[in-house]
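Structure assessment
Take a look at the letters that make up each chain.
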Amino acid sequence: HEKGAFTGAVKTQPGKVETAEGGTLFLDEIGEISLALQAKLLRFLADRTFFRVGGARPRSVDVRIVAATNRDLAQAMKAGQFREDLYYRLAVVTIPLPPLRERREDIPALARHLLERVRARVKKSVREIAPAAMRALVEYTWPGNVRELENVIERAVILADGAAVELAHIPAEVRTGSAPQAGDPPVNLEEMEKWCVRRALERTGGKKGEAAQMLGISWPTLNKKLRDYGLEVGNVRQDGASDLEGVSP
């Protein structure tokens, strides 16, 4: 937008299209945008020009457009939810990406990559995935695709005590290839969550903000869980871990 275009516009602010000049503009989940926004995007794609909000003259950019979606756009067009002319503007080169269950050979490399990313974020020394755990990952059908794989890897890294993700750290539904079955060891979700909160606080030396970030929850939510589970952050020991009262080992 231009300076003064609306209340609070105290300075000119370039948008995503403008800042992508000379590079790539990635439009994720393109199938979810409204018909009104589709019309605006179509006009931009026609000549690569746009107006800033509050601007009086067109601006031109040279950008490569990459779009992604998990929706069936052919069905969306039939249902009147996606413009046919916009689809053909975007579909110059299409790269269909099969679901993870149809490219199991990619799972080990993806799992190792996600492990490196997660362990750096949560500051743990887990460096590998044990063969039995990797076999379970490869054999699972992954209805949630890579996002589900990332969640499973993050959970496993948080639970792992040693240098490797073991089969026991993998959720039961992934180990069995389906939802938990009769005869599976019972899982007390409250105890599991309580344990994860405790471990996060130990890993961060009792720093609640860092522990909340590690667990993917807000600071007030962490405080509530500490109260609910009767956990108290004690003095930080010399080894960096924190003494937590009211929790069994």
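Values in this document were obtained by computation on a predicted structure and should not be read as measured data.

What follows deals with the pattern of salt bridges. For the coordinates displayed, the defined rule picks out nine salt bridges. A salt bridge links Glu 2 to Arg 59, with the shortest nitrogen-to-oxygen separation between them at 3.8 Å. Pair noted here: Glu 2 is in the segment before α1 (16–19) and Arg 59 is in strand β3 (residues 59–60), with a separation of 57 residues, a long-range link. As a salt-bridge pair, Asp 228 and Lys 224 come within 2.8 Å of each other at their nearest N and O atoms.

Core analysis: the largest hydrophobic core is formed by 33 residues, its most contacted members being Ile 129, Leu 137, Trp 142, Ile 153, Val 157, Val 165 and Ile 170. Counting residues per element, the ones that place at least two in this core are α5 (107–122), α6 (131–139), α7 (145–159), α9 (189–203), α10 (208–215) and α11 (219–228). Among the elements that line this core, the one with the most residues is α5, at six residues. Excluding anything up to four places from it in sequence, Leu 137 contacts Ile 107, Ala 111, Ile 129, Trp 142, Leu 149, Val 152, Ile 153, Ile 170 and Val 174.

Time to look at the environment of Ala 133. Tracing the chain through its elements places Ala 133 in helix α6. According to the relative accessible area criterion, Ala 133 is buried, its value standing at 0%. Sequence spacing of Ala 133 and Leu 167 is 34 residues, and the spatial spacing of their C-alpha atoms is 4.2 Å. Setting aside residues no more than four positions away along its own chain, Ala 133 makes contact with Val 165, Glu 166, Leu 167 and Ile 170.

This brings us to unusual backbone geometry. If you check the backbone angles, Glu 29 has positive phi at about 50° while not being a glycine. When you line up the elements, Glu 29 lands in the loop between β1 (24–27) and α2 (35–47). Even without being glycine, Arg 48 reaches a positive phi, approximately 60°. Here Arg 48 shows up in the loop between α2 and β2 (49–50).

Analysis parameters
- Residues numbered from 1 in each chain as written.
- Predicted model: local features only at pLDDT ≥ 70, side-chain atom pairs only at ≥ 80, totals over all residues.
- Heavy atoms only, no water.
- Salt bridge = Lys/Arg side-chain N within 4 Å of Asp/Glu carboxyl O.
- Helix = DSSP H or I, 4+ residues; strand = E, 2+ residues; numbered from the N terminus.
- Core = buried A, V, L, I, M, F, W, Y, C linked by side-chain atoms within 4.5 Å.
- Buried < 20%, exposed > 50% of the residue type's maximum accessible area, 1.4 Å probe, protein only.
- Contact = heavy atoms within 4.5 Å.

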